[in-house]
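# Examining the three-dimensional arrangement
Okay, here's what each chain looks like letter by letter:
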Amino acid sequence: MITLQFSTTHSFASRAIRWGTWGRHSHVDLVLPDGRLLGAVPGGVSIRPYDPSALRIERHLVDAPDSVLQRALSQLGKPYDWPGVLGYAARRDWQEDDSWFCSELVAWAFQAEGFPLLRAADAWRINPRDLLLSPLLLEA
């Protein structure tokens, strides 16, 4: 089982993301077995400690193999997808693995391991709200 953590904060960026995507959450991470978080943040793809100070935290399970985590870990150090965020309305292939924002990384890791969270092959963008619509998410 893989755990996904959806979260939001009081920051301006978080509010803008929620407003622009009509979502409750502005960020999504993969939760590693030791509780740390793996995801794409403005500094790039990294592992961070769990931060309980987020405004809203929601966790969901996905019945998928640990290879999803390994696939995401293979992207450590890749840069944040600033062009994708700043040009959110522009069409960009979210599956290009040169840079990531949070929901792209999560969706790509699952899809690359044969467990797509969404029927997103033709989608040009993915956000946390989209991932929350996945029928594969189970309550944690």
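Residues numbered from 1 in each chain as written. Predicted model: local features only at pLDDT ≥ 70, side-chain atom pairs only at ≥ 80, totals over all residues. Heavy atoms only, no water.

### Remarks on the side chain of Asp130
- In this structure, Asp130 sits in helix 5 (residues 128-132).
- Beyond its immediate sequence surroundings of up to four residues, Asp130 is in contact with Leu118 and Arg125. (Helix = DSSP H or I, 4+ residues; strand = E, 2+ residues; numbered from the N terminus. Contact = heavy atoms within 4.5 Å.)

### With respect to the packing of aromatic side chains
- As enumerated under the stated definition, the model contains 1 aromatic pair in all.
- A centroid spacing of 5.0 Å and a plane angle of 40° characterise the contact between Trp100 and Trp108, whose relative ring orientation is tilted. Neither residue differs from the other here; Trp100 and Trp108 are each classed as buried. (Phe/Tyr/Trp six-rings, centres within 6.5 Å; stacked < 30°, edge-to-face > 60°. Buried < 20%, exposed > 50% of the residue type's maximum accessible area, 1.4 Å probe, protein only.)

### As for the nonpolar core
- By size, the foremost hydrophobic cluster in this structure holds 28 residues, and its most contacted members are Leu4, Leu30, Val106, Phe110 and Leu131.
- Secondary-structure elements contributing two or more residues to this core are strand 1 (2-8), strand 2 (27-31), strand 3 (37-41), helix 2 (67-73) and helix 4 (102-112).
- With 7 residues, the top contributor of residues to this core is helix 4.
- Each residue touching Leu4, except ones within four places of it in the same chain, is listed here: Val28, Asp29, Leu30, Val31, Glu58, Arg59, His60, Val62, Val106, Phe110, Leu117 and Leu137. (Core = buried A, V, L, I, M, F, W, Y, C linked by side-chain atoms within 4.5 Å.)

### A few points about the sheet that holds strand 6 (residues 137-139)
- Overall, antiparallel pairing links the 6 strands, which are arranged 4-3-2-1-5-6 in an open sheet. The two strands at the open ends of the sheet, each matched to only one other strand, are strand 4 (44-48) and strand 6. Recorded for the sheet is a direction-independent mean angle of 35° between the axes of neighbouring strands.
- When strand 5 (residues 56-62) meets strand 6, the two strands line up antiparallel, connected through 3 bridges. Bridging across to strand 6, Val62 finds its partner in Leu137. (Pairing = 2+ DSSP bridges. Axes fitted to C-alpha atoms, helices over the stretch in contact; angles between N-to-C directions.)

### Concerning helix 4
- The buried count for helix 4 comes to 9 of 11 residues, which makes it a mostly enclosed element.
- Of the residues making up helix 4, those classed as buried are Cys102, Ser103, Glu104, Leu105, Val106, Ala107, Trp108, Ala109 and Phe110.
- Just downstream of helix 4, Gly114 is the residue with a positive phi angle, here 85°.

### Comments concerning the pairing of strand 4
- Looking at chain direction, strand 3 and strand 4 are connected through 5 bridges and run antiparallel. Each bridged residue has a counterpart across the sheet, and for Ala40 the counterpart in strand 4 is Val45.
- Turn length for the strand 3-strand 4 hairpin, with the two strands adjacent in sequence and antiparallel, is 2 residues.

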